[in-house]
Amino acid sequence: MRIDSHQHFWNYHPVKDAWISDAMKVIQQDFLPDDLLPLLEKNNIDGCVVIQADQSEEETHFLLELAEENDFVKGVVGWVDFRSEDIAERLKYFSQFEKLKGFRHIVQAESEDDFLLRDDFCNGIAQLEKYNFTYDLLILPKHLSVAAEFVKRFPKQNFVIDHLAKPNFKEGHFTEWEKGIKELATHKNVVCKLSGMVTEADWINWKQEDFSYCLDVLVANFGIDRLLFGSDWPVSLLAASYDESCSIIGKYFSNFSQEEQRKIWGGNAVKFYNL
């Protein structure tokens, strides 16, 4: 299967979705499965994994309902409060949903740079392995050294870095990012999504070659078996069409073997998320 390992659905609400500023008017609207399916079909993509964008269990249930209604939605990455005293009970509850594959917390928005190392948060993360749940790391370059220490605490837990950990494509400053990525990649329980690149670049004037250096670093350090294609639709629409997001990855990997391309475009996602 060809899989988009990272996309979102929402019924837009100006308060709930306050992070969608007026500079992002193009995504100040509803985005649902009927909007995505034609784009997947046009790009020969068989299914997707939908990722939380709102930190509530209500949204986790909303995404699970959409997944049940739409066979092409192969998996859900939801949200749960890992800091909660009843986290064990909540994870046991969520384990009943076959399409729920893992969880994410919007760490990039937390005020503490070492949020990942909080005792209460780590207590929750420690309980994911019991249910074979994955964890998506949504972080910035400044968080990479902390993230390396974090994943080291959980050697049997499967982690995936979202959006390459958001390197600064606009300025082209990759020193801190590259150092952190190389450290994180030494942990074999960590994989990385090739997603969300265009929104970290110049939204209007990005070019294919803007992404080449960072993709080279990822291939060299993670290898083909630990990289997953993801679109980050509809957030990606701020800077590129769905076709263009696919084209960036297609062009970069065009000279790789068919087997290597198969892994990037879905094989690795199927394995990581147990689709």
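Shown above is the structure to which this text applies.
Criteria and thresholds
- Residues numbered from 1 in each chain as written.
- Predicted model: local features only at pLDDT ≥ 70, side-chain atom pairs only at ≥ 80, totals over all residues.
- Heavy atoms only, no water.
- Buried < 20%, exposed > 50% of the residue type's maximum accessible area, 1.4 Å probe, protein only.
- Helix = DSSP H or I, 4+ residues; strand = E, 2+ residues; numbered from the N terminus.
- Right-handed = clockwise from strand over helix to strand, strands pointing away.
- Pairing = 2+ DSSP bridges.
- Phe/Tyr/Trp six-rings, centres within 6.5 Å; stacked < 30°, edge-to-face > 60°.
- Lys NZ or Arg CZ within 6 Å of the ring centre and 35° of its normal.
- Salt bridge = Lys/Arg side-chain N within 4 Å of Asp/Glu carboxyl O.
- Expected span 1.5 Å × (residues − 1).
- Contact = heavy atoms within 4.5 Å.
- Polar contact = N/O pair within 3.5 Å; in protein donor to acceptor, adjacent residues only side chain to side chain.
- Axes fitted to C-alpha atoms, helices over the stretch in contact; angles between N-to-C directions.
- Parallel < 35°, antiparallel > 145°, perpendicular 65-115°, else oblique.
- Nonpolar A, V, L, I, M, F, W, Y, C, P; charged D, E, K, R; others polar.

Some points on the pairing of strand β2 (residues 47-51)
Here comes step 1: Burial within β2 is extensive, with five of its five residues counted as buried.
Here comes step 2: Taking every second residue as pointing to the same face, both faces of β2 are buried, with G47, V49 and I51 on one and C48 and V50 on the other.
Here comes step 3: Once you follow strand β1 (residues 3-7) into helix α1 (residues 33-42) and on to β2, the crossover reads as right-handed.
Here comes step 4: As judged from the four bridges shared by β2 and strand β3 (residues 73-78), these two strands associate in the parallel manner. For V50, the partnering residue across the bridge sits in β3 and is V76.

Topic: the packing of aromatic side chains
Here comes step 1: The final tally for this structure, using the stated rule, is 31 aromatic pairs.
Here comes step 2: Considering the side-chain rings of F154 and F159, the 6.5 Å spacing of their centres and the 55° angle between planes classify their relative orientation as tilted.
Here comes step 3: What makes F154 buried here is its relative accessible area of 13%.
Here comes step 4: Residue F159 is classed as buried on the basis of its relative accessible area of 0%.
Here comes step 5: Between Y252 and F253, the aromatic rings sit 4.8 Å apart at their centres with planes inclined by 80°, giving edge-to-face as the arrangement.
Here comes step 6: Of the residues examined, F253 reaches a relative accessible area of 1% and is grouped as buried.
Here comes step 7: When the ring centre of W265 is taken as origin, the NZ or CZ atom of R2, which lies over that ring, is 4.4 Å away.

Regarding the pattern of salt bridges
Where charged atoms of side chains with opposite charge meet at close range, the side chains can pair.
Here comes step 1: According to the stated counting rule, one finds 18 salt bridges in the structure shown.
Here comes step 2: Among the salt bridges present, the one from K182 reaches E178, with a minimum N-O distance of 3.2 Å. Of the two residues, K182 and E178 both sit in helix α6 (residues 175-185), four residues apart, roughly one turn of that helix.
Here comes step 3: In this structure, a network of salt bridges that share partners links the residues R104, D136, D162 and K193.

A short note on helix α2 (residues 57-69)
Here comes step 1: Along its 13 residues, α2 runs 19 Å from first to last C-alpha, staying within 8% of the 18 Å computed at 1.5 Å per residue.
Here comes step 2: Contacts made by the buried residues of α2 are with α1, β2, β3, α3 (87-94) and β4 (100-105).

Side note on the side chain of Q261
Here comes step 1: Position of Q261 relative to the elements: it lies in helix α9 (residues 258-273).
Here comes step 2: Polar side-chain contacts of Q261 include one of 3.3 Å to the backbone oxygen of F253.
Here comes step 3: Excluding residues within four positions of it along the chain, Q261 makes contact with F253, S254 and F256.

Quick notes on the sheet that holds strand β7 (residues 190-194)
Sheets are built from strands paired through backbone hydrogen bonds, the pairs being either parallel or antiparallel.
Here comes step 1: Strands sit in the order β1-β2-β3-β4-β5-β6-β7-β8 across an open sheet of eight strands; the sheet is parallel. Two strands close off the open sheet at either side, each with one partner strand: β1 and β8 (227-229). Between one strand axis and the next, the sheet turns by 25° as a mean value, whatever way the strands run.
Here comes step 2: Pairing analysis gives three bridges linking β7 to β8, with the strands arranged parallel. Paired with C192 across the two strands is L227, which belongs to β8.
Here comes step 3: Docked against the sheet, helix α8 (residues 242-252) engages β1, β7 and β8, running at close to 150° with respect to β8.

As for the packing of α2 against α3
Geometrically, a packed helix pair is captured by the angle between its two axes and the distance between the axes.
Here comes step 1: Relative to each other, α2 and α3 sit at 10°, their axes nearing to 13 Å. Judged on the interaxial angle alone, α3 and α2 are roughly parallel. Across from E57, T60 and H61 in α2, the residues of α3 making contact are R90, Y93 and F94.
Here comes step 2: The residue makeup of the contact of α2 with α3, split by class, is two nonpolar, two polar and two charged.

Looking at the packing of helix α5 (residues 144-152) against α6
Here comes step 1: Contact pair α5 / α6: the axes reach a minimum separation of 8 Å and the direction vectors enclose 5°. What the angle tells us is that α5 and α6 run roughly parallel. Counted together, L144, S145, A147, A148 and V151 of α5 and E176, W177, G180, I181, E183 and L184 of α6 form the full contact between these two elements.

Looking at the environment of H163
Here comes step 1: Mapped onto the fold, H163 is located in the loop between β6 (159-161) and α6.
Here comes step 2: Here H163 falls in the buried class, since its relative accessible area comes to 5%.
Here comes step 3: Separated by 36 residues in the primary sequence, H163 and Q127 have C-alpha atoms spaced 25 Å apart.
Here comes step 4: For H163, the residues in contact, after removing those within four places along its chain, are H6, R104, L138, K193, S195, G196 and D232.

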